[in-house]
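These are the residues of each chain, in order.
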Amino acid sequence: MTDSPPLDRAATDVPIDPLATPYRTHTCGALRASDAGTTARLSGWVNRRRDQGGLIFLDLRDRHGITQVVIDRADAPDAHDTASRVRNEYVITVEGTVARRIAGTENAKIATGAIELQTRSATILSEAKTPPFYINDPDATVDEALRLRYRYLDIRREPMASRLLLRSRLVQAIREIHHDHGFVEVETPNLIKSTPEGARDFIVPSRLQPGSVYALPQSPQQLKQLLMVAGIDRYFQIARCFRDEDLRGDRQPEFTQLDLEMSFVDEDAVMAFVEHMVIEVCRRTTPERPIQEEPFPRFTYDEAIERFGSDKPDLRFAMELVDLASLWTAAPSGFRVFDETLASEGRVMAIVAPGLGGASRKELDELTERAKRFGAKGLVWLAIDDTGAVRSSILKFLGDAGAERIVAHTGASPGDLVLVIADAPDVTADVLGRLGDELGSRLGLADPNVLSFCWINRFPMYKWDAEHERWDATHNPFSGVLAEDEELLTTIDGDPSRLSPKDPAGRARAMQYDIALNGWELGGGSVRIHRRDLLARSFALQGQTDEGMKEKFGAVLEAFEYGPPPHGGIALGIDRWAALLSHQTNIREVMAFPKTQSGGDLMLEAPSPPEETQFAELGLRFVGLPGRPAPQPVE
């Protein structure tokens, strides 16, 4: 068995395909009926083999498509002998004449379905063991752990390959549009100084400077701001980022984001460009998917929480929160939980689940348990049957008239289910928002093909950290403050070392904006503080001493003494964007080699213990973790 010799191009009477190599004149997805009568050579993997004695049919596959190959023992006995030894996933090269299929045998499911390659010669380039799962059946259910263990085989399968190709188109469109709008692509380093950005850093010990470590960047935040000070004006990067945090469907320890920054801009300028770019990227990448609304709707953070219970609402279905407090301004409701909650400045709010009025008691109990897991003390329900009659878990307290008032106030119709939470304001909104998202998905209220974007802005500048008695930035420590709220960046007594949850700073709003897509946060950014004095004041509210500021942010603070321009930017998750465009709910499905939920790589068996020499070169020794037995020394 030897490699096939290069094709004699002089003997080939067809134009050479741009993807041609010595092993192929065309890809397995290129030939059409108009190529009939020409000579072609194809190479790829055997997708299926059908042996009919004198005739052997092979479906030959590469990432471009599938072509049917026919080997007739009477016409090509040597090729037939080779094909008789071929099995699925063997890699072969075949050469022959392109012919139209016999009428009635065409395959409309594939682009090459009108033709076949009548083979004169065949060469086996490499053999293959039987794969651990079916590669030629895209609908086969395969355990994810097995797919990750053999990811190189999983990528051969059409669903995974198509998602990676979509991701490639996405990134290509992003780059083209940014270059068209005057952006400069700049790579920033992956070995940097550790800075607080909301998650744990991955650290890398330095061999040349023993006892010191680099951090892998959670984002290029400081670096891109320094590029603005450097005069780059418009920067972007397809940036690799690293965060040592607990994983979920939309998180991985290493991920990719579109990172951009612009000089001499305000919020509207950044948001306008990003919106234009996002629309154009989606049209180029998935032109078949409509965008629900242009321009994108904008909500303040307070408005989003009040209406949807979420700062990343899915606008494809309307399950908005309804405030019930106005029903009982003149007289109490009669239900103690409602009345006591309102008396203690809590909220009583509801959502309407269309079509769930006939829910069984078991289903209602499951919803109640779900609400409790989300943080609520309980859940009240009112079910309306098809005649308009109401049954409820608290009907005896409200009475028929009280229940009907709630139903009318929420706008519920016969056949609907009203769900009510009475709790602290943040709990009420959060739980109803999460219940609404789950029910919207379960009831199929969202058109899966629609892309529904929206903007959320005017976020709180800080949130109080009771454990450390300081203010934490809700986005990143460089976010700017609204001009009218700048005076709020202070403490009660004006002493930045005496922080309190009652400080005026808690009322300040940031020049921060998030963009959401179909209920996921796609990206977030802000216009930054570019004045050194104001940045230092903000850092002080976040508990940073002068020494701490210099230690963590010294480069930026010093750079801001040399004429920083007003600037702002955003970062959008490439993995999340690709997942949403390809109808996935887990970003692992659009990553070539992702980690498991526990952060492991099943294919490469990482992480793994280092060699002793590696530790020795770094001057390190593993002594164990608190509460865990120390490792035994290796003999």
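Data block above holds the structure.
First, a word on scope: everything that follows refers to the structure included in this document.

Cut-offs applied
- Residues numbered from 1 in each chain as written.
- Predicted model: local features only at pLDDT ≥ 70, side-chain atom pairs only at ≥ 80, totals over all residues.
- Heavy atoms only, no water.
- Core = buried A, V, L, I, M, F, W, Y, C linked by side-chain atoms within 4.5 Å.
- Buried < 20%, exposed > 50% of the residue type's maximum accessible area, 1.4 Å probe, protein only.
- Helix = DSSP H or I, 4+ residues; strand = E, 2+ residues; numbered from the N terminus.
- Contact = heavy atoms within 4.5 Å.
- Salt bridge = Lys/Arg side-chain N within 4 Å of Asp/Glu carboxyl O.
- Polar contact = N/O pair within 3.5 Å; in protein donor to acceptor, adjacent residues only side chain to side chain.
- Axes fitted to C-alpha atoms, helices over the stretch in contact; angles between N-to-C directions.
- Parallel < 35°, antiparallel > 145°, perpendicular 65-115°, else oblique.
- Left-handed = near helix turned anticlockwise from the far one by under 90°.
- Nonpolar A, V, L, I, M, F, W, Y, C, P; charged D, E, K, R; others polar.
- Pairing = 2+ DSSP bridges.

Glancing now at the nonpolar core. Grouped burial of nonpolar side chains is what soluble globular proteins tend to show. Val 274, Val 278, Phe 453 and Trp 577 are the most contacted members of the largest nonpolar core, which totals 46 residues. No other element matches helix α6 (residues 267–285), which puts nine residues into this core. Beyond its immediate chain neighbours, meaning those up to four positions away, Phe 453 contacts Val 278, Cys 282, Ile 291, Phe 296, Pro 297, Leu 315, Ile 515, Ala 516, Leu 517 and Leu 522.

Here we take up the pattern of salt bridges. According to the stated counting rule, one finds 47 salt bridges in the structure shown. Glu 254 is the partner of Lys 595 in a salt bridge, and the nearest nitrogen-oxygen pair spans 2.6 Å. Of this pair, Lys 595 sits in the loop between α14 (574–581) and α15 (612–618) while Glu 254 sits in strand β10 (residues 254–263), and the two are 341 residues apart along the sequence. Classification of Lys 595 as buried rests on a relative accessible area of 14%. Arg 347 is the partner of Glu 306 in a salt bridge, and the nearest nitrogen-oxygen pair spans 2.7 Å.

Inspection of the secondary structure puts Gln 584 in the loop between α14 and α15. A polar contact is formed between the side chain of Gln 584 and the backbone oxygen of Ser 582, at a distance of 3.0 Å. Dropping the residues within four chain positions of it, Gln 584 is found in contact with Arg 163, Trp 520, Ala 579 and Glu 589.

Here we come to the packing of helix α4 (residues 158–180) against α14. Between α4 and α14, the least distance of the axes is 10 Å, while the angle of their chain directions is 125 degrees. Looking at the two axes, α4 sits oblique to α14. The hand of the α4/α14 crossing is right-handed. For the pair α4 and α14, the contacting residues are Leu 166, Arg 167, Leu 170, Val 171 and Ile 174 in the first and Ile 574, Asp 575, Trp 577, Ala 578 and Leu 581 in the second. Looking at the contact of α4 with α14 residue by residue, the classes come out as eight nonpolar, no polar and two charged.

A few words now on the sheet that holds strand β14 (residues 380–384). Ordered by their spatial adjacency, five strands build an open sheet running β12-β13-β16-β14-β15, and the pairing between neighbours is antiparallel. The sheet terminates laterally at β12 (322–323) and β15 (390–392), the two strands that pair on one side only. Note that β12 and strand β13 (residues 347–353) share two bridges and pair antiparallel. Among the inter-strand pairings, Val 322 is bridged to a residue of β13, identified as Ala 350. Each of β14, β15 and β16 (417–423) is contacted by helix α9 (residues 361–374), which is oriented at about 30 degrees to β16, the strand it contacts most.

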